[in-house]
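# Survey of secondary and tertiary structure
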Amino acid sequence: MAILLWTGSLQADPVAEVMTAAQAAFARMPSVVSVARIEGHCGADATVNSQVVYCTTSNEILIAGAAYDLPQAPYLVAHAYGHAVQVQHGVADFALREIRNRRSEEIMLRGLVERQVDCIAGFLMARAGLPEAALTDWFDVDPFAGAHWGRNPLHAGPQVGIGLDARAEWVARGQTGDLSACAPGEFTAGLLLEAVRP
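These lines cover the structure that appears in this document, whether it is placed above or below. Think of each chain on its own: its residues are numbered from 1, step by step along the sequence as written. This being a predicted model, a pLDDT of at least 70 is required before a residue's local features are given, and a value of 80 or more before pairs of side-chain atoms are given or counted; all residues contribute to the totals for chains, interfaces and linings. No hydrogens and no water enter the side-chain calculation; it runs on all heavy atoms of the structure.

### A short note on the pairing of strand β4 (residues 60–64)
The cut-off we apply is this: For the exposure calls, accessible area comes from a 1.4 Å probe over protein chains only, and a residue counts as buried if that area is under 20% of its type's maximum, exposed if over 50%, partly exposed in between. Only DSSP runs of H or I covering at least 4 residues are called helices, and only runs of E covering at least 2 are called strands; the numbering of each starts at the N terminus. We treat two strands as partners when DSSP finds at least two bridges between them.
Among the five residues of β4, four are classified as buried, and the element is accordingly described as predominantly covered. The pairing of strand β2 (residues 31–35) with β4 spans five bridges and is classified as parallel. From the neighbouring strand, Ser 34 faces β4, where its bridge partner is Ile 63. Bridge count between strand β3 (residues 52–55) and β4: four bridges; the pairing is antiparallel. Paired with Tyr 54 across the strands is Ile 61, a residue of β4. Here β3 hands over to β4 after four residues, with Asn 59 in that stretch at a positive phi of 50 degrees.

### Regarding the pattern of salt bridges
So the rule is basically this: Any Lys or Arg side-chain nitrogen found within 4 Å of a carboxyl oxygen on Asp or Glu counts as a salt bridge.
As enumerated under the stated definition, the model contains 10 salt bridges in all. Across the pair Arg 110 and Glu 106 runs a salt bridge whose closest N-O atoms are separated by 2.9 Å. Taken together, the positions of Arg 110 and Glu 106, both in helix α5 (residues 106–127) and four residues apart, correspond to about one turn of that helix. Looking at Glu 106, the relative accessible area reads 23%, which means it is partly exposed.

Structure below.
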């Protein structure tokens, strides 16, 4: 059974605050749907991230009920929103073209994608009014090394780890509230800045 999260909650809900911030900042953002478990949704199997995923086919972020109340849940959801921003506003198309044209550099290019996603996550957490967070307080290893976004079937989605330290660095950049800082290497922030609402 899936439960759609509504943005008009009566008490503070950090996950809902991230959803509200994302939807206020960018057009065409997905809703967050709480599910008992990720496996079985959008073609996810046991190899897919078990806490949160972004299904581009249905434009939904799915979060497992067991993950929803974890202190890191707002980050997990904000990271998924980072992928949604890239998909909905042209960055993912640019990245895919580059990956297809430069297969020997695919891991590096996917690493740039993930850095930008984490910067967007930090930006959205700041927009949601959440306190600055250090990923190393929540994780011992990279939480997004496996498949966690893409079309149905999700188990065939992109997989790349960038390491916990790199993720923490890029989240911290985004938490400054300056979206122009979300420009790793050749992935400029231009499309993000065009898409963001004031």
